[in-house]
Each structure stands twice: as C-alpha cells, then as structure tokens.
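Observations on the model geometry
Residue strings, one per chain:
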Amino acid sequence: MARAQTDHMDVRAFADEDLIPMMARGDARAFETLYERHSGAAYSLAYRMVGKQALAEDVIQEAFLNLWRSGAHYDRGRGSVRTWILGIVHHRAIDALRRNSVHAKRRSDDDTAAERLESPERVEEDVARRDEASIVRGAMDVLPADQLKVIELAYFGGFTHTEIADMLESPIGTVKGRMRLGLKKMREALAHGAVEA
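Cut-off values and rules
Residues numbered from 1 in each chain as written. Predicted model: local features only at pLDDT ≥ 70, side-chain atom pairs only at ≥ 80, totals over all residues. Heavy atoms only, no water. UniProt positions renumbered as here; feature names shortened; annotations may be inferred. 1 Å grid on protein atoms, 1.4 Å probe; cavity = no way out; pocket = protein on both sides within 12 Å on 5 of 7 lines; lining within 4 Å. Points joined across faces, edges and corners; volume = space filled by probe spheres on them. Helix = DSSP H or I, 4+ residues; strand = E, 2+ residues; numbered from the N terminus. Nonpolar A, V, L, I, M, F, W, Y, C, P; charged D, E, K, R; others polar. Domains from an automatic or database assignment. Buried < 20%, exposed > 50% of the residue type's maximum accessible area, 1.4 Å probe, protein only. Salt bridge = Lys/Arg side-chain N within 4 Å of Asp/Glu carboxyl O. Core = buried A, V, L, I, M, F, W, Y, C linked by side-chain atoms within 4.5 Å. Contact = heavy atoms within 4.5 Å. Expected span 1.5 Å × (residues − 1). Arc of directions from axis to C-beta. pLDDT = per-residue confidence, 0-100.

Under an unreviewed UniProt entry, the name given to the protein is Sigma-70 family RNA polymerase sigma factor, and the organism recorded is Solirubrobacter phytolaccae. Listed in UniProt under the heading Sequence similarities (unreviewed entry), the comment for the protein reads: "Belongs to the sigma-70 factor family. ECF subfamily."

This is the structure:
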C-alpha cells in the first residue's frame, strides 16, 4: 500500500503482517502499533528469562530496536509476527545473560578464586549435569520448530499453556498438542539412545 494512502489511515486497524512492510519503509506509526500490541508479552518473556526488571527493560529495548532495523526480514511462512518478535526477545535475553555472566567473571578477584575452586566430587557432578544437558539439547534438536517453541516457552520461559497460547496466537489445544507430541518425541529419542552427549 502506498505511503500516501496510509498517511491518513489509522494504522491500528491493520494486521501485524501488514504493519511489518510499512515499518520497514520507515513508518513510525506502524512500529508504535506493533510495540503497543506486543511489548507486554515481550517484557514478560524477557523478565522471566533474566529475572531483573532493569535488564528485562534493556532486553526489550534492544529487541524492538532490532525489530525496527530488521523489519524486512520477517517471513510469514515461519510463524506469526508475535512469534517472530518473541524469538528476537528470546535471543536478546540469552545475549544479555551471556554478557552478564562474562562481566561477573571479570569482576571476581583473585582473593575469592581459591574459595571458588571445587572439590573433585563437585566437578564430577557438574560434568554429569553438563552431559545430561547436552543429551537433552540433542533430543530437542530433533523437534519441529512449532513443538520446540512451546517447550522452550514452557520449560525455559516458565509460561503456562494459556500464556503460550496467547503469545503464539494459537488455540490452547494446539499448544497442548504440540507440547505433548514434542515431549513424546524427546522421550523416544532419549529412550532409544538416538542422542549422545
């Protein structure tokens, strides 16, 4: 739709998928509308992942800035606009957690280094835990994207089925079905030893 035609129209009447190309052309009203529609769910996901209000707000700011800059990269075939936005938030939250982890390690001083050294028993537990985590990640790699997304939101994001259904704009039965199928596939992959550390 030509910009001149949208100048006098209320962009809030447009579907998310129609707002993306408008935003990609620099229409700030389209961006503002997307922000109003999705910032609440985006903040909720960020806060659940990072656990701190200020950090969650930074994550949201980075995610929506990325959205403004990369609006042309949205692909309808890969899901709804909300799913795409939450994916951006998810990746930005992981980046923030990694950054904070690196900064925390740098700030620790040599005086506490000896205290942090772990006993051999503790190291063995950590190695076993990492091996288990690697096996579970391998089992998750076999899942289709729609099943992986609901499992990530439930188990890593801490969201309920209802919240996930709202975020993904899907019926709750669909969310539960994807969850059930995904967990079944993971269980089968783990039981048959199809995944190794």
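Read on for the rest.
For the largest pocket, the calculated volume is near 640 Å³. Together, 21 residues line the largest pocket, and R78, T83, W84, A145 and K149 are the ones closest to its centre. Residue assignment for the lining of the largest pocket shows that the elements contributing at least two residues are α5 (81-107) and α8 (145-156). Residue composition of the lining of the largest pocket, grouped by class: six nonpolar, nine polar and six charged. Two domains share the lining of the largest pocket, each providing at least three of its residues, namely domain 1 (10-118) and domain 2 (121-197).

Moving on: helix α2 (residues 16-24). D16, L19, I20, M22 and M23 are the residues of α2 that are buried. Following α2 by one or two positions, G26 adopts a phi angle in the positive range, close to 95°.

So, on to the pattern of salt bridges. Per the counting criterion, the structure on display carries eight salt bridges. Residue D16 is joined to R37 by a salt bridge in which the shortest nitrogen-to-oxygen separation is 2.6 Å. On the criterion of sequence distance, the pair formed by D16 in helix α2 and R37 in helix α3 (residues 28-50) is long-range, its members being 21 residues apart. On the accessibility criterion, D16 (9% relative accessible area) is buried. Given a relative accessible area of 28%, R37 falls into the partly exposed group. Between E169 and R82 there is a salt bridge whose closest N-O contact spans 3.8 Å. Remark: R82 occurs in helix α5 and E169 occurs in the loop between α9 (161-168) and α10 (172-191); sequence separation between them is 87 residues. For E169, a relative accessible area of 48% corresponds to the partly exposed category. Given the relative accessible area of 13%, R82 is considered buried.

What follows deals with the nonpolar core. Ranked by internal contacts, the top residues of the largest apolar core, which has 47 residues, are L67, V89 and I164. Only α2, α3, α4 (53-70), α5, α7 (120-141), α8, α9 and α10 provide two or more residues apiece to this core. When residues of this core are assigned to their parent elements, the largest contribution, nine residues, is made by α3. Contact partners of V89, with chain neighbours within four places excluded, come to A42, L45, A46, V59, I60 and A63.

With that settled, the discussion passes to α4. For α4, built from 18 residues, the straight-helix expectation of 26 Å at 1.5 Å per residue is met to within 8% by its first-to-last C-alpha distance of 25 Å. Of all the positions in α4, only L55, A56, V59, I60, A63, F64, L67 and S70 are classed as buried. All buried residues of α4 lie within an arc of 165° about the axis, which places them on one face of the element. In α4, the exposed positions that point more than 90 degrees away from the buried face belong to A54, Q61 and R69.

Taken as a whole, the protein shows an average pLDDT of 80; of its residues, 79% reach a score of 70 or greater. Confidence scores differ between elements of the protein, with helix α1 (residues 3-6) showing the lowest mean pLDDT of 48 and α3 the highest of 92.

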